[in-house]
Amino acid sequence: MEVQAWIGLVLILLAPVIWLYGNDLMQRPRFALGALCIFLYVGAEVSIGSLIVNYLKQPGVMNLDITSAGKMIPFYWGGAMIGRFVGSAVLRVVNPGKVLAGVAVGAVALILISSYTTGSVAGYSLLAVGLMNAIMFPTIFSLACEGLGARAADGSGIINVAIFGGAVLPLATGTLADASGSLTLALLIPVACYVVICAFGVYAARPAPQYADA
């Protein structure tokens, strides 16, 4: 990529950060961490979805040709759809923060299993991360906006901007994969994202603080 293109990309990515800087809602820890987690979640989900074909093609994983590997992608995104129905039932009876922390731990565990195994186990365990992703976006969204009251609309707008993580983190993951020559090492970026999401789930399991302008 030419220097001018890199400069343009950096400016585009900095725009949301500059816009968010100084916003009073970002001074509220629960909301700010929730917005960060939306950034991280979307980035992690797209990162895995973007590299999974090349990952499954590896001789040490499933050694598939590109067509066969491409046909496996629906398992990743389909798992997210199925998990949404199961997760919605679980969320009715279990604290959402605890559920969020649990599925984040599950995502980390599946990535680590994939990283330290070979063959079908390595391939299907990474595909199964889609199941863990299923309830993350709506749960993070609702936990972050909880307690905002009249400011909920403002918070929703900020969180919608935070999805630009889907543009930033896949680029970072791909860059790390190219620099290291290892897709497995590049998965450390999604792992780090899920660790932060788990921490937010534990934090947000407590009642949301109430503010005077809520």
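Thresholds applied
- Residues numbered from 1 in each chain as written.
- Predicted model: local features only at pLDDT ≥ 70, side-chain atom pairs only at ≥ 80, totals over all residues.
- Heavy atoms only, no water.
- Helix = DSSP H or I, 4+ residues; strand = E, 2+ residues; numbered from the N terminus.
- Expected span 1.5 Å × (residues − 1).
- Bend = angle between axes of the 7 residues up to and from the residue.
- Buried < 20%, exposed > 50% of the residue type's maximum accessible area, 1.4 Å probe, protein only.
- Patch = residues over 30% accessible without salt bridge, like charges linked within 9 Å, V, L, I, M, F, W, Y side chains within 5 Å.
- Areas by Shrake-Rupley, 256 points an atom, 1.4 Å probe, with all protein chains shown as cover.
- Salt bridge = Lys/Arg side-chain N within 4 Å of Asp/Glu carboxyl O.
- Contact = heavy atoms within 4.5 Å.
- Phe/Tyr/Trp six-rings, centres within 6.5 Å; stacked < 30°, edge-to-face > 60°.

In this model helix H2 (residues 29-57) runs 42 Å from its N-terminal to its C-terminal C-alpha over 29 residues, within 8% of the 42 Å that 1.5 Å per residue would give. Where H2 bends most, the angle comes to about 45°, and this point is Leu51. For H2, a buried count of 22 out of 29 residues is recorded, marking the element as mostly surrounded by other parts of the structure.

A cluster of nonpolar side chains, contributed by Met81, Ile82, Phe85, Val86, Val90, Val93, Val94 and Leu131, occupies part of the molecular surface with about 780 Å² of accessible area. Here the element with the most residues in the nonpolar patch is helix H4 (residues 73-91); it accounts for 5 residues. Here Val93 is to be found in the loop between H4 and helix H5 (96-115).

With 17 residues, helix H12 (residues 188-204) extends 24 Å from end C-alpha to end C-alpha; this agrees with the ideal 24 Å at 1.5 Å per step. Those residues of H12 that fall on the buried side of the exposure criterion are Ile189, Pro190, Val191, Cys193, Tyr194, Ile197, Cys198, Phe200, Gly201 and Ala204. Check the buried side of H12 and you find it contacts H2, H5, helix H7 (129-133), helix H8 (136-145), helix H10 (165-180) and helix H11 (183-186).

Turning next to the packing of aromatic side chains. Within a pair of aromatic rings, the relevant descriptors are the distance that separates the centres and the angle that separates the planes. In the structure shown here, the tally under the stated rule is 5 aromatic pairs. A centroid spacing of 6.5 Å and a plane angle of 90° characterise the contact between Phe75 and Tyr124, whose relative ring orientation is edge-to-face. Placement of Phe75 in helix H4 and of Tyr124 in helix H6 (residues 119-127) is noted, with a sequence separation of 49 residues between them. Residue classification places Tyr124 among the partly exposed positions, given a relative accessible area of 42%. When the centroid spacing of 4.9 Å and the interplanar angle of 75° are considered together, the rings of Tyr76 and Trp77 count as edge-to-face. Given a relative accessible area of 39%, Trp77 falls into the partly exposed group. Grouped by ring-pair contacts, the aromatic residues Tyr41, Phe137 and Phe141 constitute a single cluster.

Attention now goes to the pattern of salt bridges. Following the criterion strictly, the structure yields 2 salt bridges and no others. Residues Glu146 and Arg30 are paired through a salt bridge, measuring 2.8 Å at the closest nitrogen-oxygen approach. A residue pair is termed long-range when its members are at least 10 positions apart, and Glu146 in the loop between H8 and helix H9 (152-161) and Arg30 in helix H2 qualify at 116 residues. The exposure class of Arg30 is buried, given its relative accessible area of 4%. As a salt-bridge pair, Asp154 and Arg151 come within 2.9 Å of each other at their nearest N and O atoms. In this structure Asp154 comes out as partly exposed when scored by relative accessible area, which is 41%. Residue class for Arg151 comes out buried when judged on its relative accessible area of 16%.

The next thing to look at is the environment of Leu100. Mapped onto the elements, Leu100 comes out in helix H5. Judged by relative accessible area, which is 0%, Leu100 ranks as buried. It is 7.6 Å that separates the C-alpha atoms of Leu100 and Ile135, two residues lying 35 residues apart in sequence.

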